[in-house]
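Observations on chain architecture
Now for the letters of each chain:
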Amino acid sequence: MKILKKNSFKYIYFLLKKLKPLRKLQFFLVVSIMVTTAISEIFSLGSAIPILTLLNDPEMIWEIQLISFISQKLNIYNTNNLIILINIIFLLVVIFSILIKSFNVWIVSQYSAAIGSELSLKAFKNVLHLPYRFHKKKNSSQIISDLTNNLNSTTIALRSFFELISSSIILTGLLFFIVKINFELSSILLIIIFCIYYLIAIFVKPRLLKNSKLAYKLANLQIKTLRDSIYSIKDIIINSNQRTFISKYRTIDIPLRISQANNNFLKLFPKIIVEGSILIILGILVIVILLNNNDNQYSNFAILGALALAVTKILPSIQQIYISWATIKGYDSEIKAVSEIIKKTSQLSNNEISSLVIKTGLSLKNISFRYGYYSKYVLQKINLDIFVGDCLGIKGETGSGKSTLIDIIIGLLKPDYGNILIDDQNLHGTQNNNLSNRWRNQISHVPQDIFLLDASISENIAFGIDKKNIDIDKVQKVAEVAMINSFIESLPKKYETVVGEKGNKLSGGQKQRIAIARALYNDKQVLILDEATSALDKKTERILMNSLKKYLHNSITIIISHNIKTLSYCNRLVEIKDSNLLEINNNNIKKMF
């Protein structure tokens, strides 16, 4: 399903269809409150007409049929008593109208927030369950922007959509009432108002969409600049590049703020024009009535007063409809971006993953892979058998495809050609939909670029597990195997020590050993070390590798390294060269070491 050509309101309809059934039912409750608000507005306006009549000629109050009926039922024939009663009714109606309008605003805000939260969670869940290839192609700044700025803008647009519905219902009720006061005069006023707003809408729509696209683009660039600046702060300080990055940020931020300010102006300025036009028209009508100097002058003033009051009631509704429409159009690009994430279907299972016991190992059969249709093949016709108990070393030049091969073995990337067999089962076969998840659940991976949470050491070792469920004895055990326990025990807070953002309070070697302890914590059958000991000195590396060798049994270990000494702990060695894989026989391995 393509939604790229849809307009803003169809995006919103698409998002609302994705809500849970309970949220959809709540929509009808919200609409019923909107209808009640509209009815209260009609009564509020209707109760004001007797007050206006009293101001012009108190005795004319008896000519109003409803008032005459009420006075007869209550046996009220004194004008002063009737005036008091009318004022009490008016005050009660106004108070009720204020309360129901306030509740309507509150319920719309709460409902919009609940929908925004649901969509935010759904979008975040979708992003985490999208294939690794999506994340390889998509810029992380764009994803962060979609899940923060763009989702916030979409929530505002959704609130505006509900406010538009609410104001439309209120306006419909008020229109039915106002035409009954004086059909000809009210029709002229309404036609003028709607024509002004319609012409303004035609004028501002392309500008709103243009500003929306610009703001969307600049907001994404702003996040990218912030991220790049923070991540490279050490180099910025060393090279005194602050001015360059500040200048870059300024060139993004200023036009972003201007585009947002322009859209804000386009939303608000029609109110000034319309209110001014109505005041001019009412002023002209007063002059016309005075010049005619007829016997119905006071009656005309009463009608004019009622119309003026009605206009003050309908103008906020019309203005709110316009502002809501302009807000939705102003966030067109943001709504579209969020819709694109929401519509993506997860290719990873959300269900609990059943265990997989690898009995024999895995086989790569004629694997070929490239990152794009027109790109060069990174790997071609790769054949490799890896058995349980193997410690396989992978060597090759930088950019030869070692990490890509690992991503394919893990199942993060699907080969363009060939098959991966796990105990003779096709990893990506249609008959084994859940095998990829079960296979990944048996892999521990220590990458080149280690990411540590800004949390305690124990939370980083037991990655992804709630703090209350962490087995601290097991954490200490794997820390000992990873040769990091003595360092942790020397710290004042020991395993509760917070490592800082991206582990910036630790050295490179300490981060690597915590990452290895993390890989060991879940007792997986496959351990992959991708340059995982590059920051260690030779002595520490030797002790660590011997410790791992004793700890790991009945498992598969894969080591990627440029350091030939690190690969000496492997019983098998392969090399990637010119997109092909060559296995080095045992005699040649011994000669290399």
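Here, every reference points to the structure presented above.
For the structure given in this document, a descriptive report is provided here. Note that this is a predicted model, so its numbers are computed, not measured.

1. Observations concerning the packing of aromatic side chains
- All chains considered together, the criterion is met by 11 aromatic pairs.
- Here Phe 27 and Phe 28 contribute two aromatic rings whose centre-to-centre distance is 5.8 Å and whose plane-to-plane angle is 75°, an arrangement assigned as edge-to-face.
- Its relative accessible area of 22% is what places Phe 27 among the partly exposed residues.
- An aromatic cluster is built from Phe 9, Phe 27, Phe 28, Tyr 111, Phe 161 and Phe 162, whose rings are joined through pairwise contacts.
- In this structure, Arg 207 packs its charged tip against the face of Phe 203, placed 3.9 Å from the ring centre.
- Over the ring of Tyr 521 we find Lys 474; its NZ or CZ atom is 5.2 Å from the centre of that ring.

2. With respect to the pairing of strand β1 (residues 361–369)
- Among the 9 residues that make up β1, 7 are buried, leaving the element largely enclosed by the rest of the structure.
- Alignment of β1 against strand β2 (residues 379–387), held across 6 bridges, turns out to be antiparallel. Paired with Leu 364 across the strands is Leu 384, a residue of β2.
- Inspection of the sheet shows β1 paired to strand β4 (residues 417–422) by 5 bridges, in the antiparallel sense. What sits directly across from Ser 363, in β4, is Leu 421.

3. What about the sheet that holds β1?
- Across the sheet, 4 strands lie side by side as β2-β1-β4-β5; this open sheet has antiparallel pairing. A strand with exactly one partner marks an edge of an open sheet, and here the two such strands are β2 and β5 (425–426).
- Sheet strands touched by helix α13 (residues 402–410): β1, β2 and β4. Its angle to β1, the strand with the most contacts, is close to 125°.

4. Brief notes about the environment of Leu 520
- Looking at where Leu 520 falls in the secondary structure, it is placed in helix α18 (residues 508–521).
- Residues Leu 520 and Ala 462 lie 58 residues apart in sequence; the distance between their C-alpha atoms is 9.5 Å.
- With residues near it in sequence (within four places) discarded, Leu 520 still touches Val 478, Val 481, Leu 527, Leu 548, Tyr 551 and Leu 552.

5. Some words on the nonpolar core
- One finds Val 446, Ile 457, Ile 461, Ile 516, Leu 529 and Leu 548 to be the most contacted residues of the largest nonpolar core, which totals 39 residues.
- Counting only elements with at least two residues in this core, the list comes to α15 (457–461), α16 (472–481), α18, β7 (526–530) and α19 (538–551).
- By residue number, the principal contributor to this core is α18, which donates 7 residues.
- Counting residues in each nonpolar core, the second largest holds 33 residues, with Val 378, Leu 379, Ile 422 and Ile 558 among its members.

Calculation notes
- Residues numbered from 1 in each chain as written.
- Predicted model: local features only at pLDDT ≥ 70, side-chain atom pairs only at ≥ 80, totals over all residues.
- Heavy atoms only, no water.
- Phe/Tyr/Trp six-rings, centres within 6.5 Å; stacked < 30°, edge-to-face > 60°.
- Buried < 20%, exposed > 50% of the residue type's maximum accessible area, 1.4 Å probe, protein only.
- Lys NZ or Arg CZ within 6 Å of the ring centre and 35° of its normal.
- Helix = DSSP H or I, 4+ residues; strand = E, 2+ residues; numbered from the N terminus.
- Pairing = 2+ DSSP bridges.
- Contact = heavy atoms within 4.5 Å.
- Axes fitted to C-alpha atoms, helices over the stretch in contact; angles between N-to-C directions.
- Core = buried A, V, L, I, M, F, W, Y, C linked by side-chain atoms within 4.5 Å.

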